[in-house]
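# Structural characterization, general
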Amino acid sequence: MTLNPMQPAQPAKPATSGAGPDIKTFATAVLLTFGTGVLMMDGWALLDSGFGAFLGLVAGGFGIFWWKSIHGKVFPRELSTKAVVILTVINVVLVLLLLLQVS
């Protein structure tokens, strides 16, 4: 009878391998930038002046700061799909708000 020496356990592959995290990070960058721009347009449409656009820019800055305080980084590599979906829904609501103000 021959004894085989025990082999070390294989380390688990990290969940951040592959293209998925990169796509989520890119989508986050696009959605945060787009959302800030839409907030500026919402402010412009709401107040009908450049001051409204400035307030929208300030609101976008606070939104990005809030995002960073929740996730630790503005563009974290380990980001859940739920966070990207929520960010997408927020952007859709902002666009709908803009369309309601324009019409």
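Residues numbered from 1 in each chain as written. Predicted model: local features only at pLDDT ≥ 70, side-chain atom pairs only at ≥ 80, totals over all residues. Heavy atoms only, no water.

## Re the nonpolar core
Core analysis: the largest hydrophobic core is formed by seven residues, namely Leu31, Leu32, Trp67, Leu79, Ala83, Val84 and Leu87. Counting residues per element, the ones that place at least two in this core are α1 (20-47) and α3 (81-102). In this view, Leu32 contacts Ile64, Trp67, Val74, Phe75 and Leu87; residues no more than four positions away in its chain are not counted. (Core = buried A, V, L, I, M, F, W, Y, C linked by side-chain atoms within 4.5 Å. Buried < 20%, exposed > 50% of the residue type's maximum accessible area, 1.4 Å probe, protein only. Helix = DSSP H or I, 4+ residues; strand = E, 2+ residues; numbered from the N terminus. Contact = heavy atoms within 4.5 Å.)

## A short note on α1
Here α1 spans 40 Å end to end across 28 residues, near enough to the 40 Å set by a 1.5 Å rise per residue. Here α1 has its buried residues at Pro21, Thr25, Thr28, Leu31, Leu32, Gly35, Thr36, Val38, Asp42 and Gly43. On the buried face of α1, the contacting elements are α2 (50-71) and α3. Looking one or two residues beyond α1, the residue adopting positive phi is Asp48, at roughly 55°. (Expected span 1.5 Å × (residues − 1).)

## Here's the deal with the environment of Gly61
By the secondary structure assignment, Gly61 is in helix α2. With 19 residues separating them in the primary sequence, Gly61 and Ser80 have C-alpha atoms 22 Å apart.

## Structural notes on the environment of Leu79
Along the polypeptide, Leu79 turns up in the loop between α2 and α3. Of the residues examined, Leu79 reaches a relative accessible area of 6% and is grouped as buried. Along the backbone, Leu79 and Trp67 are 12 residues apart, and their C-alpha atoms lie at a distance of 12 Å.

All quantities given are derived from atomic positions and should not be read as evidence of function.
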